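Residue strings, one per chain:
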Amino acid sequence: MKCAIYGAGSLGTVLGAYMTKGGIPVELVNRNRAHVDALREKGAHITGTVDFSTPVTAITPEEMTAPYDVIFLMTKQLHNKEVVTFLKPLLAPDGVIVTFQNGIPEPGIAEIVGESHTIGCVVEWGATMDAPGECVLTSDPDSLSFHMGGMQGVSDAKLAEVRSLLEKMCPVAMEDNLLGARWSKLLINATFSGLGTVVGGVFGDVLSGSSLASPVTVVASVPCEVLLIPYEQLLLSDGSPAHQLALRNLVRTISDKYFSLSRRVDLLVLKSLRAKVCAYLLSESERAGSLTFSIPFSRIQLADYLNCDRSALSRELSQMQRDGLLDTYKSSFKLLKPEVLKQMVQ
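Residues numbered from 1 in each chain as written. Predicted model: local features only at pLDDT ≥ 70, side-chain atom pairs only at ≥ 80, totals over all residues. Heavy atoms only, no water.

A. Representation of the layout of surface pockets within the structure. Space inside the second largest pocket adds up to approximately 640 Å³. In terms of lining residues, the second largest pocket is bounded by 26 residues, among which Met129, Asp130, Ala131, Pro132 and Arg299 are the most central. Looking at the lining of the second largest pocket element by element, the count peaks at five residues for helix 12 (residues 310-322). Here the residues of the lining of the second largest pocket sort into eight nonpolar, 11 polar and seven charged. (1 Å grid on protein atoms, 1.4 Å probe; cavity = no way out; pocket = protein on both sides within 12 Å on 5 of 7 lines; lining within 4 Å. Points joined across faces, edges and corners; volume = space filled by probe spheres on them. Helix = DSSP H or I, 4+ residues; strand = E, 2+ residues; numbered from the N terminus. Nonpolar A, V, L, I, M, F, W, Y, C, P; charged D, E, K, R; others polar.)

Rendered as structure tokens:
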């Protein structure tokens, strides 16, 4: 069976590493030459909640050769028409495209390659790219899963075939109603992701202070004891040192959230990406008390924080290095001309 992961960034590299480690030959396809070269020279290095390296086959799109039985699609939906049109002649007669993209990509893909060649898969784990050839699995290995389903006409045998490939990494739940599952995830993300991003928190931060009943159910992954503290009682101090400390911590948390939100809004209203980058790095430098410092974000996380595309952020940082404004390696920075950066923010 010939397989490829098209758009092998962070998620694709992690999946490809697990498949290769499990004895499944798979080509990791990416336009990023630095990433491809690193994978060829050193293999895929997966860290985070795991730590292993494995040799992989990495190529650019121009190096793909037909026919492919399975192509896992992990690019952004923005260029799906061009990408899927490019991939169509590379498919074997019974080959399928398995899309891992967010949103509802399957109908558009099916229009080009046909419903019987279209499978959708929801990824229930996360990863980031730390450097070319190096990716970070951010989810607990015991919690990883896929949810997969086919469009009309995809045979049970083909679904089972694809499922066996993905199970080299983690369990696969089959969805009889693929589009229903897609819409459910999309609605949840649309409801909470934007608000969670603005307040710099997760679902719990958004819901915890509400006067309404929470629509979220929390399930513990292991047996544990839960300490329930009614929110109202925190505000009624009994004068004990422990209660006063709890109140101080609560007020500090709320204050920190306020300043974090204020800082984020100040960054997002800046018009240019360079101004956002300069403002963020200057604030991190001030917080560290030094022109040399490390930030708590990977490139992908920083792009999310600044509300920009990761590739655009990488180009901007590279250009700022060429301009002699800063030096950077992974999450470490050294500001060479802080006064010039301040002028760019104004």
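B. Quick peek at the packing of aromatic side chains. Enumeration according to the criterion identifies nine aromatic pairs in this entry. A centroid spacing of 6.1 Å and a plane angle of 20° characterise the contact between Phe293 and Phe333, whose relative ring orientation is stacked. Taken together, the residues Phe293 in strand 13 (residues 292-294) and Phe333 in strand 15 (residues 332-335) connect sequence positions 40 residues apart. This pair shows no difference in class: Phe293 is buried, exactly as Phe333 is. An angle of 35° between the planes, with centres 5.1 Å apart, marks the rings of Phe297 and Tyr305 as tilted. Of the residues examined, Tyr305 reaches a relative accessible area of 13% and is grouped as buried. Three or more aromatic residues joined by ring pairs form one cluster here, namely Phe72, Phe100, Trp125 and Phe146. The ring of Tyr68 carries the charged tip of Lys2 above its face, separated from the ring centre by 4.6 Å. (Phe/Tyr/Trp six-rings, centres within 6.5 Å; stacked < 30°, edge-to-face > 60°. Buried < 20%, exposed > 50% of the residue type's maximum accessible area, 1.4 Å probe, protein only. Lys NZ or Arg CZ within 6 Å of the ring centre and 35° of its normal.)

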